Amino acid sequence: MARKWLALVACALAMAGAFPDAAAAQLLPDRVLVNASGRAGTDLSGPWNWSVDPYRDGVAGFHGEAPGRTHQRYADVDVDAETRKDPYALWELDMRRAPVTSLPSSWITHDATMRYYDGLVWYQRRFEAAPRPGERQFLHFGAVDYRASIYVNGALVGTHEGGFTPFALEVTGKLRAGENQITIGVDSERSNDTVPPTVTDWETYGGVIRPVRLVTTPATYVDDAWIRLTGAGRIRASMTLDGPSAAGRPVRVRIPALGLTLSGTADSQGRWTGEAAAPRALKRWSPESPTLYDVRFESGEDVLSDRIGFRTLEVRGTRILLNGKPIFLRGISLHEEELGKEPTRAITPAAARALLSEIKDGLHGNFVRLAHYPHSEVMTRMADELGLIVWSEVPVYWRVAFARPETLAVARRMLAENILRDRNRASIALWSVANETPVSEPRNAFLTTLVRDVRALDDSRLVTAALLTRRDEKNGRIEMVIDDPLVAQLDVMAINTYNGWYSGDRLEALPAIGWRSGATKPLILSEFGADAKAGFLDAGLRRKFSEEFQAEYYRQTLAMADSIPFLAGMSPWILKDFRSPRRQHPVYQQGWNRKGLISETGERKQAFGVLADYYSKRTPDSR
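Please read these numbers as outputs of a predicted model, since none were measured by experiment.

How each quantity is defined
Residues numbered from 1 in each chain as written. Predicted model: local features only at pLDDT ≥ 70, side-chain atom pairs only at ≥ 80, totals over all residues. Heavy atoms only, no water. Helix = DSSP H or I, 4+ residues; strand = E, 2+ residues; numbered from the N terminus. Buried < 20%, exposed > 50% of the residue type's maximum accessible area, 1.4 Å probe, protein only. Areas by Shrake-Rupley, 256 points an atom, 1.4 Å probe, with all protein chains shown as cover. Lys, Arg positive; Asp, Glu negative; His and termini not counted. Charge placed at Lys NZ, Arg CZ, Asp CG, Glu CD. Pairing = 2+ DSSP bridges. Axes fitted to C-alpha atoms, helices over the stretch in contact; angles between N-to-C directions. Contact = heavy atoms within 4.5 Å. Polar contact = N/O pair within 3.5 Å; in protein donor to acceptor, adjacent residues only side chain to side chain. Expected span 1.5 Å × (residues − 1). Bend = angle between axes of the 7 residues up to and from the residue. Core = buried A, V, L, I, M, F, W, Y, C linked by side-chain atoms within 4.5 Å. Right-handed = clockwise from strand over helix to strand, strands pointing away.

Further remarks concern the overall build of the protein. Across its full length, the protein holds 8 helices and 36 strands. By residue count, 61% of the 623 residues in the protein fall in the buried class. Of the accessible surface of the protein, which amounts to about 23,700 Å², a share of 51% is contributed by carbon and sulfur atoms. The distance from the centre of the 79 positive side-chain charges to the centre of the 76 negative ones in the protein is 5 Å.

Rendered as structure tokens:
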């Protein structure tokens, strides 16, 4: 059943001219299944068989025809038993006896030969199910990078494009009592038309990189639930039901610790919104006091629980206000990689805590930019718990095919899936729609559409994008000019700047660089940084890639930042060294981007202390 409430949102947007009518249905997923990890069901993490398929034999024969039964990786068959029954049967694969790996993880760590593999891999496992009348079953995927084809008991049940956002497929009526088989075809190959495109500056971690879960719900269940604190000081809750009894069904939202209950009746589309004054006892979420409350969303026999914080966000002039008070965002950027020499992009609570604690406790930070794609829900929930403000981004990166309607449709679905997953995370303050995209008319229209989508789906957060800037030099004075036309659509400006690293500027000249913008809006320096290989010390020459160069780069760039009157925060590039196949210096990089303030194993570089000392002294008014 399509999500009727979201369809109405899409229609309203279409009427407002936000996107063509033909594209309206592409904005939103069929279902949200919000907080899937908190629902009844079975975690399918653990051992899976896998099979590499570089020639896509499981998709098509060598004449382009559909694959025969003996080439179908997803066939619901015991190959060994078949060949025992018929010794002349020819099978050149056997998924049940294929190598075993543990999911979630990327295939680059399955086997040394897979390090740079980019293509199709098949995964399969068997699981027990006991479907009962009056219940529904869904397969929920945290993320599969990049395209996924899902088969249950040999039959295709759905596909998904996008490597970083969740999706759910209904399998009610497709499961049998007892043993069932699930097969996932994962294709990591990208093109100039995908989001992101082929050329990036991070590792492609192909595979099933986040958990797979079999979820069981009542026939009518709570598909989406969202609760927030409005700027007027009221608690507003929204619920969307899915199922045959959704229309006219009683709903209730409870926060037991506050003694608050909101109740009502779903409309004919299964949707409801209600609000009440926030209780006086409510403690607002903040980095200093990351208070979370147990919230229960109830309808009939379905009860969905979550841990949620409440806070307000707004922009006033050139300041960002959290709970009505100015805040300076003391942050850093982060890629989704766990600490260690062989990361596989499988973020556990322990891995998330280890990374985010380096920011919160080590750097004295209150902000993290999760770049350049939606990170694991484990990460955003940990940010809620620890008290870190989050920038969340979709991978509209560099040279996206902005003039291609199909690419826009993919980006919009990703954005919607990301927002709908995380709207209950108090930590998230900024939705970013792009990173370093060159200005053009197609690009401006593409990103303006994404900004409008954000505002339609979430009116409680700020919208931004990491932009490029123009450099003016007059009479020996350098000035960085922010004149991107997208600024007019954003709540917060953000600029990536690398003066002194990708330019020939002397480090001692950086503090004199000026900044100018015609917009009266807050600015975040969303990136600046310099590479350094941990342990490479070169005090004599202070060459690039030395720890001394990186530390001095930070000192001088931070001095430049202090002179920007409209600066509201920063997220330097980057917390941890991360894998990037484009970085191949044989001594300093070896497949790693070395701009981290810590190495891939967590060793702190000199610049870490420079930024930590700066943040320990920085306040909203110290500018």
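The next point concerns the sheet that holds strand β15 (residues 234-242). If you trace the 3 strands from one edge of the open sheet to the other, you get β14-β15-β18, paired in antiparallel fashion. A single partner strand is all that each edge strand has here, and the edge strands are β14 (221-229) and β18 (271-277). Across the sheet, the mean angle separating the axes of adjacent strands is 15° when strand polarity is ignored. Sheet topology places β14 next to β15; 8 bridges connect them, and they run antiparallel. Considered in β15, the bridge of Ile227 is made with Ala237.

So, on to unusual backbone geometry. In this structure, the amide linkage connecting Leu103 to the following residue, Pro104, adopts the cis form with an omega of 5°. Tracing the sequence through the fold places Pro104 in the loop between β3 (100-103) and β4 (105-106). In this structure, Asn323 is a non-glycine residue whose phi angle is positive, near 55°. Locating Asn323 in the fold gives a position in the loop between β22 (319-322) and β23 (325-326). One non-glycine residue with positive phi stands out, namely Phe545, at about 80°. Its location among the elements puts Phe545 in the loop between β33 (523-527) and α7 (547-561).

In this section: the environment of Glu342. In this fold, Glu342 is placed in the loop between β24 (329-334) and α3 (349-362). For the pair Glu342 and Ile108, spaced 234 residues apart in sequence, the C-alpha to C-alpha distance is 9.0 Å. In contact with Glu342, not counting residues within four places along its chain, are Thr109 and Arg579. Side chain to side chain, Glu342 and Arg579 meet in a polar contact 3.3 Å long.

Now for α3. Here α3 is 14 residues long and its end C-alpha atoms lie 18 Å apart, about the 20 Å a rise of 1.5 Å per residue gives. A bend of about 35° at Leu356 is the largest found in α3. Buried within α3 are the following residues: Ala351, Ala352, Leu355, Leu356, Ser357, Glu358, Ile359 and Gly362. Summarising the contacts, the buried residues of α3 are in contact with β24, β25 (367-370), α4 (377-386) and α8 (606-617). His364 sits one or two positions beyond α3 and adopts a positive phi of about 60°.

The next thing to look at is α4. Buried residues dominate α4, accounting for 7 of its 10 residues. Among all positions of α4, only Glu377, Met379, Thr380, Met382, Ala383, Asp384 and Leu386 are buried. Between the side-chain oxygen of the N-cap and the backbone nitrogen of Val378 there are 3.0 Å, and the N-cap of α4 in question is Ser376. Downstream of α4 by a residue or two, Gly387 has a phi angle that is positive, lying close to 90°.

With that settled, consider the side chain of Gln550. Looking at the secondary structure, you find Gln550 in helix α7. Not counting residues up to four positions away in its chain, the partners in contact with Gln550 are Ala530, Asp531, Ala532, Arg594, Lys595, Gly596, Leu597, Lys605 and Ala607.

Moving on to the nonpolar core. Counting 123 residues, the largest nonpolar core has Val396 and Trp515 as its most contacted members. At 8 residues, the largest contribution of residues to this core is made by helix α5 (residues 405-422). Setting aside anything within four residues of it in sequence, one finds Trp515 in contact with Glu479, Met480, Ile482, Ile495, Thr497, Leu523, Leu525, Met560, Ile564 and Phe566. Counting residues in each nonpolar core, the second largest holds 32 residues, with Val121, Tyr123, Ala129 and Val171 among its members.

Turning next to the pairing of strand β34 (residues 567-570). Bridging between β24 and β34 involves 2 bridges; their strand directions are parallel. Residue Arg330 lies in a different strand from β34, and its bridge partner there is Met570. Judged from the 3 bridges that link them, β33 and β34 form a sheet pairing that is parallel. Across the sheet, the residue bridging to Leu525 is Met570, located in β34. Between the parallel elements β33 and β34, the chain passes through α7 in a crossover that is right-handed.

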